[in-house]
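# Summary of structural features
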Amino acid sequence: MARFHPRFLHFFTFLFYTTLISLSSSTLESDFSIIDSDSDSESLLFHQDYSPPAPPPPPPHAPSVSCTDDLGGVGSLDSTCKIVEDLNLTRDVYIEGKGNFYVLPGVRFHCPSLGCSITVNISGSFSLGENSTIVTGAFELAAYNASFSNGSAVNTTGWAGDAPPQTSGTPQGVDGAGGGHGGRGASCLVEEGKLPEDVWGGDAYSWSSLQHPCSYGSKGGTTSKEVDYGGGGGGRVKLLIIELLEVDGSLLADGGDGGSKGGGGSGGSIYIKAHKMTGSGRISACGGNGFGGGGGGRVAVDVFSRHDEPKIYVHGGISSGCLENAGAAGTLYDAVPKSLTVNNHNLSTNTETLLLEFPYQPLWTNVYIKNCARATVPLLWSRVQVQGQISLLCGGVLSFGLVHFATSEFELLAEELLMSDSIIKVYGALRMTVKIFLMWNSELLIDGGEDTTVATSWLEASNLVVLKGSSVIHSNANLGVHGQGLLNLSGPGDMIQAQRLVLSLFYSIHVGPGSVLRGPLENASSDAVTPKLYCDLLDCPIELLHPPEDCNVNSSLSFTLQICRVEDITVEGLIKGSVVHFHRARTISVQSSGIISASGMGCVGGVGRGKFSDNGIGSGGGHGGKGGLGCYNDSCVEGGISYGNSELPCELGSGSGNESSAGSTAGGGVIVVGSMEHPLSSLSVEGVVRADGESFEETVWQQEYSVSNDSNIAPGGGSGGTVLLFLHTLTLAESAVLSSVGGYGSPKGGGGGGGGRIHFHWSDIPTGDVYQPIASVEGSIYSRGGLGRDESGDGENGTLTGKACPKGLYGTFCVECPLGTYKNLSGSDSSLCHPCPASELPQRAIYIAVRGGIVETPCPYECISDRYHMPHCYTALEELIYTFGGPWLFCLLLMGLLVLLALVLSVARMKFVGVDELPGPAPTQHGSQIDHSFPFLESLNEVLETNRVEESQSHVHRMYFTGPNTFSEPWHLHHTPPEEIKEIVYEGAYNTFVDEINAIAAYQWWEGAIYTILSILAYPLAWSWQQWRRRMRLQLLREFVRSEYDHSCLRSCRSRALYEGLKVSATSDLMLAYVDFFLGGDEKRTDLPPRLPQRFPMAVIFGGDGSYMAPFSLQNDNILTSLMSQLVPPTTWYRLVAGLNAQLRLVRRGRLRVTFRPVVRWLETHANPALRTHGVRIDLAWFQAVPGGYCQYGLLLHSVEEESEPRSLGNTDGVRTLPLSRVKTTYMQNRSGYLREEAFLTQGHRGSEGFSRRKRSCRGLIDINSLKLLEEKRDRFYLLSFIVHNTKPVGHQDLVGLVISMLLLGDFSLVLLTFLQLYSISLVDVFLVLFILPLGILLPFPAGINALFSHGPRRSAGLARFYALWNLTSLINVVVAFLCGYVHYASQLSSSKSAPNLQPWSINMDESEWWIFPAGLVLCKLLQSQLINWHVANLEIQDRSLYSNDFELFWQS
């Protein structure tokens, strides 16, 4: 029967049971109670939620029946008893024995009467075979093992006996409601004004025994007074198994079905205790189906080890009369984890399962309410405490208290509270303490009622609070949410809202996109606890500036939403309230989608409220600025006044003033971040922070207030509120909006609201060296007034202020004063930043920003570039120059220093090498020296007493190598022996000898590769490398001929035995080599060796190639001198060779036509006239030495006779022959028929007849006329020959050395100054000049010093030429320096126009004088080159008479 009790009945029932319980303790002990008898809360019962008396102790068991006699079985109960056939019992049966008890498959063991009890108590095993059934009202089993096979069933459905006395499990009346037990029975009764949870059928009972359930289920109600259609209650099943329990069948204690005319019976009781359980059978104590479904029963499982998970059901029965309201779920208690489960198997219901007093010793571990189950804690001042988690899943509902009596407080304590698609309802106040609180699409609804004494709820989750999937925590009273970890509102629909909301003690709060924190509620009901705003106060509430430290919910404080003692706050959703306060937080980050708002949450009235004219036109509310005038037909009413303190605002915005009218606007609320004592460390805003006044929009006016368009009321806009920020640092992104603007007036003519107030109260503004910008503002900040409509005026702008800035800083955000200004007073006005004195700023300097601003003069500055140095902003070079008095004085001092150092070097040079450079009495005569690298050859020479005379007397022929001895054209001998030596050599062995010689003379590829690389990087090193490799080749050739070669090509046995007869030599420049052939002494030939006249015409080839490093020269060795002495005196020949070499020095490769002319003239004027008396003539000739076109030049010697006819010297293919005026060429033919001249010119080059003819066609004599036809090749270094070339000596050797010393020092000084100059530009430029070419700009100095201080004229001349090469190579580095300077000058040309004027003359790379040092270096190096040319000439030609034009003077010297 459904029951609804008015309030007085509840209190009467409460007093009645209180009196009843206090009568006698014996009565308490004997009563059957829903809760434990020792509970202190058993007197607080409502809606028939009382405890029935405890059942009396069971009577003693009857004697055990016999297996065969009474049960018709086989065997004995003390061994094994088998029930082999069906058995119907008519009374209770007690079976006891020490053996086993088996009900064989297919056997029906029934006692089909209400309350019939079958008890089996055996020591062995119990087995219920397949498809066997036991039907009874109560079944109890005690055994060692038990097995319920597939298809078997223990069925007590609908066979319950009487329910415990003094319980109301069976409903009264004819409503057809379901019976109650573990859960209430459902009732389909509907009455107006009643809530669904106010109506139920049979009530719940036996709460105190849910851990060991033993009660019968209750019968369902009926819809007829005549016939009881209610379904029977479920029976009892109790299994006490010592070891293994196998459940593959069914254990049923369901309530009976009531059909369409009766309520379903409630489920019974099932208690299972075993050590181990297997199987996947069914265990059910569900309510029966009926017009009203029966409530579920109670199941308790105490199994230590479960290997399978049987299906356990305790849901309510289905209500055919109201399908949406099934019976309430029963209870499932699992003793091992100590968990309670209320599961309605997804059957929708409005009927609740009662959760009464929870045990404290021991505590339960987990509570699960799921699958549409509804549970309630109806007792006042109840505590729900578990050790583990409380889970509400899949439509589960948990309610605390009574709907109509929200006057109690409840406690919920657990490790975790997990909610998924579920609801918690609280009527009163809730004190929740958990570690983890997770919500998914769930609601926590708190109805605080109207009693302010219990209106505050606390939710504490120490580790984690997460709301997700549109979860809501809602309270119509005060709510505090506390924790020590994370509070996360994940996304859209997630919401925490209350009339007054406090979030505190979290480490981090995250308000996700679309989620909301709100306080107070939007459209709150009239019975909600409404916070009172301080609209009429002129002074700020002290708690806004100095809030309390405890962070508790305090109704006396002005906050409506406070976030207190939270480290980090991230806002991507909405935080909205009337007075929003962030206290003792560290950082707040408002993302682009985040909003912190107090807009329209202020006062409708207030200190600055608007006013209305007689015609209903309202003015705007005032706050930071006055409200706009409300005007109509030139009649205006004043707007609201401006009030509050702009330096520390904390007032609510004022509204339109018509508080009693529906058509009104409110001012903006208050947003306070931080406090005086605890400012916020960092505020970062990408979204919106606003406290705007409310605007009166006509669309809202029509829809929400239903005011017609012709209404005379036209309120003004609300004024902006207050945004008060106590901060350390602020970041406003470009998309951020910070506003406190006035609202718009009514479209019918309302005035605009005045702007609000925004104040930045900076804390601990850093100054000086520790200054950091405290604000980065790229977004928008508004405090303007609202727009007035029609004739009404706009509201005045509000205020935007900041705390007074210290010295050096100004403005709202305390930034550094502008560049070039200083501030020595406190304040924020920009006029306090005074300009720095311009007279204190040096040239090339600009003012610089100083951290923390400039607080005094002089203002700091820096040079416009790092190239300049403080304090005068000079370059390093200028600093050096001005240190010594300026450019002119510096130049004079430098010149003086260079002269002094040059004098010192010259004196030192004369002391060190002066003796070696004294001119000698005669030219050096080059003799043949024994090579001491082969001592065994010395001993042979000593034995044979070989001397120079013997060598000349035995000399047969000199055969020259072809090729200039370069890596591409090495020395080479042709295989055909000349005619002069064919008689003394074996031609085959000679060819082998030539092959071996050519192989030794050839260079390896890597030698040429190194030469090429060095030629690119540093040509002087390449030349040195080439000379070294040439010297090594000559040494190898000499070693081969002297010691390795067996001289097998010679016919002389004596020469082969003594390793004589061949000798390899070369000129000093290592470009020309030759092989001398000697007689061995055993040839017995009278015509050998030939005399000099017999050798005519004889060619003598010059060494060198006409370059600066290897000028043409005639090699005058002992053999040639001895041969010539046969006709010409040695003194004459020596003088002639010296003079000829002096002339050949001046010949330049590339200009042979010009420079050979003086040589030809000298031969005609000086040489041949002197030789004519000796019957000898010499002519200049050229020889085609190699197929590649390389020509060798030399002399052609022949005899002369007094004749006037000119004689031709064979075909020269276009080369003019020498005209002979008074001489005649004597021709002597050799044995081969060729002219001896022709044979000599082509010696060693006749590999074939065709090749010999080509060689003959490329030879010719050179005279004045043939010079014009001389072919010469000019290489890429031709132009350099105008800088470095061989000249005539000028004398004054000491003076030349002094000037070279000065220029060398000057060159090095200019190099250093150039580096200083380039360093002022860039270190990269220094490296470019230094390494392109590598160190080329530095090496001329050590090379020059080495040349000046070397011993011996010949060595000094060679080193001087090497020095000249380095000097010339360094010009490339100078060009690089020039380019670097030009590039920098061109790039700085535009900027230099605005640069300050410099001194009248200075050396710097910013002005047009950037070229001075590179140009000076070029000039210095050109002068050095010329002086080196003279210096080399003075060293190599110490006898200046060699260049005398006077014939007599030349030969007399």
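Residues numbered from 1 in each chain as written. Predicted model: local features only at pLDDT ≥ 70, side-chain atom pairs only at ≥ 80, totals over all residues. Heavy atoms only, no water.

## What about the overall build of the chain?
Scanning the chain from N- to C-terminus turns up 25 helices and 67 strands. The burial tally for the chain puts 56% of its 1453 residues in the buried class. Look at the contacts in the chain between residues 6 or more apart in sequence, and 66% of them connect residues 24 or more apart. For the chain, the accessible area works out to roughly 59,400 Å², and carbon and sulfur atoms hold 55% of it. (Helix = DSSP H or I, 4+ residues; strand = E, 2+ residues; numbered from the N terminus. Buried < 20%, exposed > 50% of the residue type's maximum accessible area, 1.4 Å probe, protein only. Contact = heavy atoms within 4.5 Å. Areas by Shrake-Rupley, 256 points an atom, 1.4 Å probe, with all protein chains shown as cover.)

## Remarks on unusual backbone geometry
Cis geometry is adopted by the peptide bond preceding Pro362, which originates at Gln361 and carries an omega value of -10°. Along the chain, the position of Pro362 falls in the loop between β22 (353-354) and β23 (366-370). Backbone geometry at Asn371 places phi at a positive 55°, although glycine is not the residue there. Of note, Asn371 is situated in the loop between β23 and β24 (374-377).

## Thoughts on the state of the cysteines
Throughout the structure, instances matching the rule amount to eleven disulfides. Here Cys111 pairs with Cys116 through a disulfide, and the sulfurs are 1.7 Å apart. Negative torsions about the S-S bond denote left-handed disulfides, and the value of about 95° found for Cys111 with Cys116 makes this one right-handed. Cys116 matches Cys111 in its accessibility class, with the two residues each being buried. A disulfide bridge connects Cys817 with Cys833, and the sulfur atoms are separated by 2.1 Å. Residues Cys817 and Cys833 share a disulfide whose torsion about the S-S bond is about -60°; that sign makes it left-handed. With Cys817 in the loop between β56 (815-816) and β57 (821-822) and Cys833 in the loop between β57 and β58 (834-835), this pair connects stretches of sequence that are 16 residues apart. Residue Cys817 shares its accessibility class with Cys833, and that shared class is buried. (Disulfide = S-S within 2.5 Å.)

## Thoughts on the pattern of salt bridges
Per the stated rule, a full pass over the model turns up 30 salt bridges. Note that Arg306 and Glu309 form a salt bridge whose closest N and O atoms lie 3.3 Å from each other. Take Glu309: its relative accessible area is 56%, and that puts it in the exposed class. In this structure, Asp1105 and Arg1149 form a salt bridge, with 2.7 Å as the shortest nitrogen-oxygen distance. One end of the pair, Asp1105, is in the loop between β64 (1098-1101) and α14 (1118-1124); the other, Arg1149, is in the loop between α15 (1130-1144) and α16 (1152-1172), with 44 residues separating them in the sequence. (Salt bridge = Lys/Arg side-chain N within 4 Å of Asp/Glu carboxyl O.)

## Considering the environment of Gly182
Here Gly182 lies in the loop between β12 (153-155) and β13 (236-241). Here the alpha-carbon distance between Gly182 and Tyr205, two residues 23 residues apart in the chain, equals 6.5 Å. Excluding residues within four positions of it along the chain, Gly182 makes contact with Ala204, Gly296, Gly297, Arg298, Ala329, Gly330, Thr331 and Thr353.

## Topic: helix α5 (residues 876-883)
Every buried residue belonging to α5 is among Ala876, Leu877, Glu878 and Ile881, and all of these are buried. Those residues of α5 hidden inside the fold are in contact with α6 (887-913), α19 (1293-1321) and α24 (1412-1436). Gly885 sits one or two positions beyond α5 and adopts a positive phi of about 95°.

## Points about the sheet that holds strand β15 (residues 250-252)
Pairing is parallel in the open sheet, where seven strands are placed in the order β3-β6-β9-β12-β15-β17-β19. Bordering the open sheet on either side are β3 (87-88) and β19 (311-313), each of which pairs with just one other strand. As paired elements, β12 and β15 share three bridges and run parallel to each other. Paired with Asn155 across the bridge in β15 is Leu252. (Pairing = 2+ DSSP bridges.)

## Some thoughts on a nonpolar patch on the surface
Taken together, the side chains of Val1375, Phe1378, Leu1379, Tyr1382, Val1383 and Trp1411 make up a nonpolar region of the molecular surface, amounting to roughly 600 Å² of accessible area. Along the chain, Trp1411 falls in the loop between α23 (1389-1392) and α24. (Patch = residues over 30% accessible without salt bridge, like charges linked within 9 Å, V, L, I, M, F, W, Y side chains within 5 Å.)

## As for the packing of aromatic side chains
Scanning the entire structure with this criterion turns up 33 aromatic pairs. Through a chain of ring-to-ring contacts, the aromatic side chains of Phe101, Phe109, Phe126, Phe139 and Phe148 assemble into a single cluster. Here the basic side chain of Arg184 rests over the ring of Trp200, its NZ or CZ set 3.7 Å away from the ring centre. Just above the ring of Phe1450 sits the side chain of Arg1135; from NZ or CZ to the centre is 4.7 Å. (Phe/Tyr/Trp six-rings, centres within 6.5 Å; stacked < 30°, edge-to-face > 60°. Lys NZ or Arg CZ within 6 Å of the ring centre and 35° of its normal.)

## A word on the confidence of the model for the chain
Chain-level statistics for the chain give a pLDDT mean of 83 and a share of 86% at 70 or above. Confidence drops under a pLDDT of 50 for residues 1-51, and excluding neighbours within four residues, the segment shows 102 contacts in the predicted structure. Low pLDDT, under 50, characterises residues 915-946; the stretch is placed with 39 contacts to residues that sit more than four places away or in other chains. (pLDDT = per-residue confidence, 0-100.)

## Here we look at the packing of helix α22 (residues 1353-1387) against α24
The geometry of α22 relative to α24 is characterised by a closest axis approach of 9 Å and an angle of 165° between their N-to-C directions. Looking at the two axes, α22 sits roughly antiparallel to α24. Considering the relative orientation of α22 and α24, their crossing is left-handed. Judged by residue contacts, Pro1353, Ser1356, Ala1357, Ala1360, Arg1361, Tyr1363, Ala1364, Asn1367, Ser1370, Leu1371, Val1374 and Phe1378 of α22 engage Pro1414, Leu1417, Val1418, Lys1421, Gln1424, Ser1425, Ile1428, His1431, Val1432, Leu1435 and Glu1436 from α24. (Axes fitted to C-alpha atoms, helices over the stretch in contact; angles between N-to-C directions. Parallel < 35°, antiparallel > 145°, perpendicular 65-115°, else oblique. Left-handed = near helix turned anticlockwise from the far one by under 90°.)

## So, the sheet that holds strand β62 (residues 1062-1066)
As summarised here, the arrangement of the three strands in space is β61-β63-β62, forming an open sheet in which the pairing is antiparallel. On the outer flanks of this sheet lie β61 (955-960) and β62, each paired with one strand and no other. Pairs of neighbouring strands in the sheet enclose a mean axial angle of 25°, with direction left out of account. With five bridges joining them, β62 and strand β63 (residues 1073-1078) adopt antiparallel strand pairing. Bridge assignment links Leu1062 to a residue of β63, and that residue is Phe1077.

## Brief notes about the pairing of strand β31 (residues 443-447)
Looking along a regular strand, one sees side chains alternate from face to face of the sheet. A one-sided burial pattern is seen for β31, the buried positions being Leu444 and Ile446 and the unburied ones Glu443, Leu445 and Asp447. Across five bridges, strand β30 (residues 423-440) lies against β31 in parallel orientation. Its bridge partner being in β31, Lys425 is matched across the sheet by Leu445.

## Examining helix α21 (residues 1340-1348)
The periodicity of an α-helix, 3.6 residues per turn, causes residues three or four places apart in sequence to face the same way. Residues of α21 that are buried include every one of Pro1340, Ala1343, Gly1344, Ala1347 and Leu1348, and no others. Mapping the buried residues of α21 onto a view down its axis gives an arc of 130°, with all of them on the same face. (Arc of directions from axis to C-beta.)

## Digging into the packing of α19 against α22
Relative orientation and spacing of two packed helices are given, respectively, by the angle between their axes and the distance between those axes. Running from amino to carboxyl end, α19 crosses α22 at an angle of 30°, the nearest separation of the two axes being 11 Å. In terms of orientation, α19 and α22 fall into the roughly parallel class. Two packed elements cross with a definite hand, and for α19 against α22 that hand is left-handed. Of the residues in α22, those touching α19 at Ile1300, Leu1304, Asp1307, Thr1314, Leu1318 and Ile1321 are Tyr1363, Asn1367, Ala1377, Cys1380 and His1384.

## Points about the pairing of β63
β63 sits mainly inside the fold: six of its six residues count as buried. The alternating pattern of β63 places Ala1073, Val1075 and Phe1077 on one face and Tyr1074, Asp1076 and Phe1078 on the opposite face, and all of these are buried. Linkage of β62 to β63, two consecutive antiparallel strands, is achieved through a turn of six residues, within which Leu1070 is found at a positive phi near 65°.

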